[in-house]
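Here's the letter readout for the chains.
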Amino acid sequence: LQHLSPYDELIRQYADSLGWDWKLLCAVIYQESQFKIDARSHRGAIGLMQMMPYTAGKWCDGDIVDPEQNIRAGVRYLNYLSGLYRRVTKDRNERQKYVLAAYNAGEGRIRDVINYSRISGVSTEYWDSVATVIPAMRDSVLMSVTDTVKLGAFNGNETVNYVNKVLELKNSFDMIYSGEQQ
């Protein structure tokens, strides 16, 4: 049996509680920390799921550096984000893309992207459609004249790349496991 990480069993368990394919959650964790529990970002994110201390404080009821506590807290947050996007799109795969984007950029930034998409006449049913408005959101002058965008200009390149990279990783993990018992 192949292993993607030392945490496969925990990832499987918590992905089930999220309703995700475990390899997608595995891809998030790999993208965030390369499975290094002691990972710390230059911005202060901690652990396997690279949670910011404030966010971790809301979702973790134990030691955020403990692998199980870190994954549990990350999944609680991902589940919360998933609930936010149920009204945005009914498609589960598209909702996962919104969740990934918000996990990377923050829910406020993605709320701004959705709101700006709506006033721009872009359907929010598909993340790829919404992502097309992000280049316009880089214009700080434009963003300062709309009351729809609360957090100001948003570069968004990192977020679009993050969503794509996680989905590519998930596809790679699928290939590793193709033909094996899931």
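Figured I'd write up the structure that's included with this text. (Residues numbered from 1 in each chain as written. Predicted model: local features only at pLDDT ≥ 70, side-chain atom pairs only at ≥ 80, totals over all residues. Heavy atoms only, no water.)

## Structural notes on unusual backbone geometry
To be explicit about the condition: Helix numbering and strand numbering both begin at the N terminus, where a helix is a DSSP run of H or I of at least 4 residues and a strand a DSSP run of E of at least 2. Burial here depends on accessible area, computed with a 1.4 Å probe over protein chains only, as a share of the maximum for the residue type. Under 20% is buried, over 50% is exposed, and the range in between is partly exposed.
A positive phi angle is found at F35, which is not glycine, with a value near 65°. With respect to the helices and strands, the residue F35 is situated in the loop between helix 2 (22-33) and helix 3 (53-59). Taking relative accessible area as the criterion, F35 reaches 12% and is therefore assigned buried.

## A few points about the pattern of salt bridges
Keep this limit in mind: Should a side-chain nitrogen of Lys or Arg be within 4 Å of a carboxyl oxygen of Asp or Glu, the pair is scored as a salt bridge.
All told, the structure shown has eleven salt bridges when counted by the stated rule. For the salt bridge of D61 with R72, the shortest nitrogen-to-oxygen distance reads 3.9 Å. Taken together, the positions of D61 in the loop between helix 3 and helix 4 (67-84) and R72 in helix 4 put the pair eleven residues apart, joining distant regions of the chain. By relative accessible area, R72 is classed as partly exposed at 21%. D128 is the salt-bridge partner of K97, the closest N and O atoms lying 3.9 Å from each other. Here D128 lies in helix 7 (residues 127-131) and K97 lies in helix 5 (residues 92-105), a separation of 31 residues in the sequence. Note on D128: relative accessible area 46%, which makes it partly exposed. Each of D21, K23, K170 and D174 takes part in a single network of salt bridges with overlapping partners.

## What to know about helix 4
Quick note on the threshold: Expected span, for any helix, means 1.5 Å times one less than how many residues it has. The contact criterion used throughout is that any non-hydrogen atoms of two residues lie within 4.5 Å. Polar contact is defined as a pair of N or O atoms within 3.5 Å, subject to the rule that within protein one atom must be able to donate a hydrogen and the other to accept it, and that residues adjacent in sequence are counted only when both atoms are side-chain atoms.
In this model helix 4 runs 26 Å from its N-terminal to its C-terminal C-alpha over 18 residues, within 8% of the 26 Å that 1.5 Å per residue would give. Where helix 4 is concerned, the buried positions are Q69, N70, I71, A73, G74, V75, Y77, L78, L81 and S82. Along its buried surface, helix 4 packs onto helix 1 (8-18), helix 2, helix 3, helix 5 and helix 6 (107-119). The N-cap of helix 4, judged by a side-chain oxygen 3.2 Å from the amide nitrogen of E68 a few residues on, is D66.

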